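# Structural features, examined
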Amino acid sequence: MNLEAKKTALRMLVHGIYIVAAGQGEEAVANGVTWLTQASFQPPLIMVAIRVDGRLHDAIQRTGALSVNILARDQQGMAQTFFKPAETQGNTINGYVFEPGPVTGSPLLVDTPAWFEAEVRHSFHGGDHTVFIAEVVEAGVRDPDAKPLALHDTPWQYGG
Ligand SMILES: Cc1cc2nc3c(=O)[nH]c(=O)nc-3n(C[C@H](O)[C@H](O)[C@H](O)COP(=O)(O)O)c2cc1C
């Protein structure tokens, strides 16, 4: 295989940047994640790939649930905070206030324009990331006019 072309082609995939969170109270964890997409209308499924060696992976496996916090285009600074290990203190993660989701209790960051909670239905342990297939069980929109943050709007890369 042409490794350089593989890397360049895979980096041309179009992704958003989301904050995926799991766990409750002091055990809440949240990370910036880009490998995430919808996978079914009925039932409403999403798929997300999470690093096997991270704390977020453990929290999703332990609770069987996760939340997805959608970022707006002007929230690049917030996204950057979540590429580091999560620090949870009281009702904040990395300094951002969260509240428990109404259905799964997964953390919802209150400053983001939209969110959903999902329950894990399947997981595929294929490589250095686990693919979780999860069913959306609740959602909320705080700002319907927000434009979502895309990886290509930022200087960052994740892929190849
Ligand atoms: C641009 C970018 C995109 C990322 N996308 C993902 C992703 O899709 N899945 C994932 O598990 N980690 C992803 N990460 C890595 C996590 O954000 C990072 O491993 C985590 O925040 C570090 O926390 P930890 O050391 O506690 O695991 C991404 C990082 C960056 C910089």
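Summarised in this report is the structure supplied together with it.

Reading guide: rules and limits
- Residues numbered from 1 in each chain as written.
- Predicted model: local features only at pLDDT ≥ 70, side-chain atom pairs only at ≥ 80, totals over all residues.
- Heavy atoms only, no water.
- Pairing = 2+ DSSP bridges.
- Helix = DSSP H or I, 4+ residues; strand = E, 2+ residues; numbered from the N terminus.
- Axes fitted to C-alpha atoms, helices over the stretch in contact; angles between N-to-C directions.
- Contact = heavy atoms within 4.5 Å.
- Near = heavy atom within 4 Å.
- Polar contact = N/O pair within 3.5 Å; in protein donor to acceptor, adjacent residues only side chain to side chain.
- Areas by Shrake-Rupley, 256 points an atom, 1.4 Å probe, with all protein chains shown as cover.
- Nonpolar A, V, L, I, M, F, W, Y, C, P; charged D, E, K, R; others polar.
- Buried < 20%, exposed > 50% of the residue type's maximum accessible area, 1.4 Å probe, protein only.

## Details of the sheet that holds strand β5 (residues 65–70)
Taking strand neighbours across the sheet as the criterion, the 7 strands line up as β2-β1-β5-β10-β11-β4-β3 in an open arrangement whose pairing is antiparallel. On the outer flanks of this sheet lie β2 (29–33) and β3 (36–40), each paired with one strand and no other. The mean inter-strand angle of the sheet, taken between neighbouring strand axes irrespective of direction, is 35 degrees. By the bridge criterion, 7 bridges tie strand β4 (residues 45–51) to strand β11 (residues 129–141) in an arrangement that is antiparallel. Within β11, the residue paired with Val 48 across the bridge is Phe 132. Relative to the sheet, helix α2 (residues 55–63) contacts β1 (18–22), β2, β4, β5, β10 (114–125) and β11, its axis offset from that of β1 by approximately 50 degrees.

## Observations regarding unusual backbone geometry
The omega angle of the peptide bond from Gln 42 to Pro 43 is 0 degrees, so this bond is cis rather than trans. The residue Pro 43 is located in the loop between β3 and β4 in this model. The backbone of Asn 94 shows a phi angle near 50 degrees, a positive value even though the residue is not glycine. With respect to the helices, strands and loops of the structure, Asn 94 is situated in the loop between β7 (92–93) and β8 (96–100).

## Structural notes on the site of the ligand
Close to the ligand lie 17 residues, the nearest being Gly 32, Trp 35, Ala 49, Arg 51 and Phe 82. The side chain of Arg 51 places a nitrogen or oxygen atom 2.3 Å from an oxygen atom of the ligand. Tyr 158 places a polar side-chain atom, nitrogen or oxygen, 3.3 Å from a nitrogen atom of the ligand. Coverage of the ligand by the protein amounts to 87% of the 640 Å² it exposes when considered alone. Elements with a minimum of two residues in the shell around the ligand: β2 and β4. Here the shell around the ligand is composed, by residue class, of 10 nonpolar, 5 polar and 2 charged.

## Quick look at the environment of Met 12
Among the secondary structure elements, Met 12 is positioned in the loop between α1 (3–10) and β1. Among the residues examined, Met 12 registers a relative accessible area of 60% and is labelled exposed. On a C-alpha basis, the gap between Met 12 and Phe 98 in space is 33 Å, while along the polypeptide they are 86 residues apart.

In short, shape yes, function no, at least from these values alone.
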